[in-house]
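Observations on the three-dimensional arrangement
Here's the letter readout for the chains.
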Amino acid sequence: MIRPLAAALLASSLLCAPAFAQSVPPAIAAAVSDSARPDTDKERDAMRKPGETLAFAGVKPGMTVAELGPGRGYYTRILAKAVGPSGKVYAIATNAQAARPGGLDALNALAAAYPNVKVVTVDFPTMMLPEKADLFWTTENYHDFHNGQTADIAGLDKAVFNNLKPDGTFYVEDHSAAPGAGLAATSQFHRMDEAVAKTELTTAGFKLDAESDLLRNPADNKAGSNSESGHFASDRFMLRMKRP
């Protein structure tokens, strides 16, 4: 029998439990625990929470995932293992990156190490993948896609939409700008105004499916550069956008 005071305390504890708790499926947990991952990647796990992040995004074995801005492959390696041999990861680089000497060396090395990783070079607004993806993925890069003389965020968002299967997901994670900061924050602070991101994505046809507080940091100074907060210690928003 639960006494009234105990019941009230229990209810209070449940209400105060983190809203972002996320169970991690076995395939994702095994991918994060993969011994082949570099130690430098593993050192970032505490801040980046890759298991919970993949689980929130809805990554499953057999999926076709398209990663925008793979960087050095932190998430590419985990995604490749999580989708397994029946899945596929398209590591997407720009044609401008490919034109630089050695610009694709890191991605080509990943593709050699992970047979289900395929490197694709594109111009974002005219992107056409070999097949439609179940999931598009970008982390800490969405603000960068606004910068530069040839930036076309509307074209990119629409290209992602067109390269997704119906009911496919666009997972967007980025450093949060101060509310109302607008697009100036993308180049000035290398952050993204979350409200602007949502507007851009819904304008492209996406529907907000879910968002998470998993990577929130209320102590972060959003009026400064994301680098001032420390490596991956910034306040970050997570959006799961759906193609209807």
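You'll find the structure just up there.
Notes on the structure in this doc start here. (Residues numbered from 1 in each chain as written. Predicted model: local features only at pLDDT ≥ 70, side-chain atom pairs only at ≥ 80, totals over all residues. Heavy atoms only, no water.)

A complete count under the given rule lists eight aromatic pairs for this structure. For the ring pair Y74 and Y75, a centre distance of 4.9 Å and an interplane angle of 90° mean the geometry is edge-to-face. Classification of Y75 as buried rests on a relative accessible area of 2%. Between F136 and F170 the ring centres are 6.3 Å apart and the planes differ by 80°, which places this aromatic pair in the edge-to-face class. On the criterion of sequence distance, the pair formed by F136 in strand β4 (residues 133-139) and F170 in strand β5 (residues 164-175) is long-range, its members being 34 residues apart. The same class applies to F136 and to F170, which are both buried. Ring-pair connections join several aromatic residues into one group, and the members of that group are F56, Y74, Y75, W137 and Y171. (Phe/Tyr/Trp six-rings, centres within 6.5 Å; stacked < 30°, edge-to-face > 60°. Buried < 20%, exposed > 50% of the residue type's maximum accessible area, 1.4 Å probe, protein only. Helix = DSSP H or I, 4+ residues; strand = E, 2+ residues; numbered from the N terminus.)

In this section: the side chain of D34. When you line up the elements, D34 lands in the loop between α2 (26-32) and α3 (39-42). Buried and unpaired, D34 has K81 as its nearest opposite-charge partner, separated by 4.2 Å. If we skip the residues at most four places from it in the chain, D34 touches K42, K81 and Y114. (Lys, Arg positive; Asp, Glu negative; His and termini not counted. Salt bridge = Lys/Arg side-chain N within 4 Å of Asp/Glu carboxyl O. Contact = heavy atoms within 4.5 Å.)

Per the counting criterion, the structure on display carries 14 salt bridges. Among the salt bridges present, the one from R236 reaches E140, with a minimum N-O distance of 4.0 Å. Here R236, found in strand β7 (residues 236-242), pairs with E140, found in the loop between β4 and α9 (153-162); they are 96 residues apart in sequence, far enough to count as distant. By relative accessible area, R236 is classed as buried at 2%. Accessibility expressed as a relative area gives 8% for E140, which makes it buried.

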